[in-house]
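Single-letter residue listing:
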Amino acid sequence: MSETPLSDVMSEHAETKTPESYERFLRLFRASTVGIVANGVTAHDEHGHFADGNLGAGRTTHGDGRPRVLAYADPEAALRNFGPRFNAGVSGEVLLQMAAADADCEGILVNSAIREISLVVSKPTAQSLLTPTTTEAPGPRPWWKRR
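Below is a summary of the structure that appears in this document.

1. Digging into the overall build of the protein chain
Next, step 1: Counting secondary structure elements, the protein chain contains 5 helices and 10 strands.
Next, step 2: Looking at the protein chain as a whole, 35% of its 147 residues are labelled buried.
Next, step 3: For the protein chain, the share of sequence-separated contacts (at least 6 apart) that also reach a separation of at least 24 residues comes to 63%.
Next, step 4: As displayed, the protein chain offers around 9300 Å² of accessible surface, 53% of which is attributable to carbon and sulfur atoms.

Right, dumping it as structure tokens:
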């Protein structure tokens, strides 16, 4: 198995530009840990550092000037290949939630760890990925909620 699965799918999409390759990218992005430039306030206790709720992700306006969350695919490989460009890791799912909820954000710009390419996840795409479809069965009722 490759140590750069997300970047590999990004390369595939850069070459084929098919809807199927972009869908593969989105599925893998959602389940991956990506690097971000974390900003905001962190606190420290006897267990180490933690976020106090004011931690955010850095943005870029690269390309078309629209503000997007800046993310780095396959963080360990990105560090080896391009150096320290980010200071934290977060799941793609969390970044989708951040981009979907932020009124001043237009989506996510994901940089590859193996090539100087990037892919954009637009805000409408992030929102659609987080909206349950009507064909999905509802999950089980949480144990703490009464009927």
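2. Quick look at the pairing of strand 10 (residues 118–122)
Next, step 1: By the alternation rule, side chains of strand 10 split into Leu119 and Val121, which are all buried, and Ser118, Val120 and Ser122, of which none is buried.
Next, step 2: For strand 9 (residues 107–111) and strand 10, the ladder comprises 5 bridges, and the chain directions are antiparallel. Bridge pairing in strand 10 places Val110 opposite Leu119.
Next, step 3: Between strand 9 and strand 10, which pair antiparallel and follow one another directly, the connecting turn spans 6 residues.

3. Some words on the packing of helix 1 (residues 5–16) against helix 2 (residues 19–31)
Packed helices, taken two at a time, are described by their axes: the angle between them and the distance between them.
Next, step 1: Where helix 1 contacts helix 2, the axes come no closer than 9 Å and their chain directions differ by 160°. Between helix 1 and helix 2, the angle falls in the class roughly antiparallel. The element helix 1 and its partner helix 2 pack so that their crossing is left-handed. Across the interface between the two elements, Pro5, Leu6, Val9, Met10, Glu12, His13 and Thr16 from helix 1 touch Ser21, Tyr22, Arg24, Phe25, Leu28 and Phe29 from helix 2.
Next, step 2: Per-class residue counts for the contact of helix 1 with helix 2 are 8 nonpolar, 3 polar and 2 charged.

4. With respect to the nonpolar core
Looking at soluble globular proteins, one finds that nonpolar side chains tend to be buried together.
Next, step 1: Counting 25 residues, the largest nonpolar core has Phe25, Phe29, Leu95, Ile108, Val110 and Val121 as its most contacted members.
Next, step 2: At the level of secondary structure, the elements contributing two or more residues to this core comprise helix 1, helix 2, strand 1 (33–36), strand 7 (68–72), helix 4 (92–101), strand 9 and strand 10.
Next, step 3: If you look at the next biggest cluster of nonpolar residues, it comprises 7 residues, including Leu70, Tyr72, Phe86 and Ala113.

5. Describing the packing of helix 2 against helix 5 (residues 123–130)
Next, step 1: Contact pair helix 2 / helix 5: the axes reach a minimum separation of 12 Å and the direction vectors enclose 65°. Taken together, the axis directions place helix 2 and helix 5 in an arrangement best described as roughly perpendicular. Like other packed secondary-structure pairs, helix 2 and helix 5 cross with a definite hand, here right-handed. In this structure, helix 2 uses Tyr22, Leu26 and Arg30 to contact helix 5, whose residues at the interface are Thr125, Leu129 and Leu130.
Next, step 2: Classifying every residue of the contact of helix 2 with helix 5 by side-chain character gives 4 nonpolar, 1 polar and 1 charged.

6. Some remarks on helix 1
Next, step 1: Given a rise of 1.5 Å per residue, 12 residues ought to cover 16 Å, and the 17 Å separating the end C-alpha atoms of helix 1 matches this to within 8%.
Next, step 2: Among the residues of helix 1, Leu6, Ser7, Val9, Met10, Ser11 and His13 are the ones counted as buried.
Next, step 3: Residues of helix 1 that are buried make contact with helix 2, strand 1, strand 9 and strand 10.
Next, step 4: Taken from the residues just after helix 1, Lys17 is the one with a positive phi, measuring 55°.

Each value, and the rule that gives it
- Residues numbered from 1 in each chain as written.
- Predicted model: local features only at pLDDT ≥ 70, side-chain atom pairs only at ≥ 80, totals over all residues.
- Heavy atoms only, no water.
- Helix = DSSP H or I, 4+ residues; strand = E, 2+ residues; numbered from the N terminus.
- Buried < 20%, exposed > 50% of the residue type's maximum accessible area, 1.4 Å probe, protein only.
- Contact = heavy atoms within 4.5 Å.
- Areas by Shrake-Rupley, 256 points an atom, 1.4 Å probe, with all protein chains shown as cover.
- Pairing = 2+ DSSP bridges.
- Axes fitted to C-alpha atoms, helices over the stretch in contact; angles between N-to-C directions.
- Parallel < 35°, antiparallel > 145°, perpendicular 65-115°, else oblique.
- Left-handed = near helix turned anticlockwise from the far one by under 90°.
- Nonpolar A, V, L, I, M, F, W, Y, C, P; charged D, E, K, R; others polar.
- Core = buried A, V, L, I, M, F, W, Y, C linked by side-chain atoms within 4.5 Å.
- Expected span 1.5 Å × (residues − 1).

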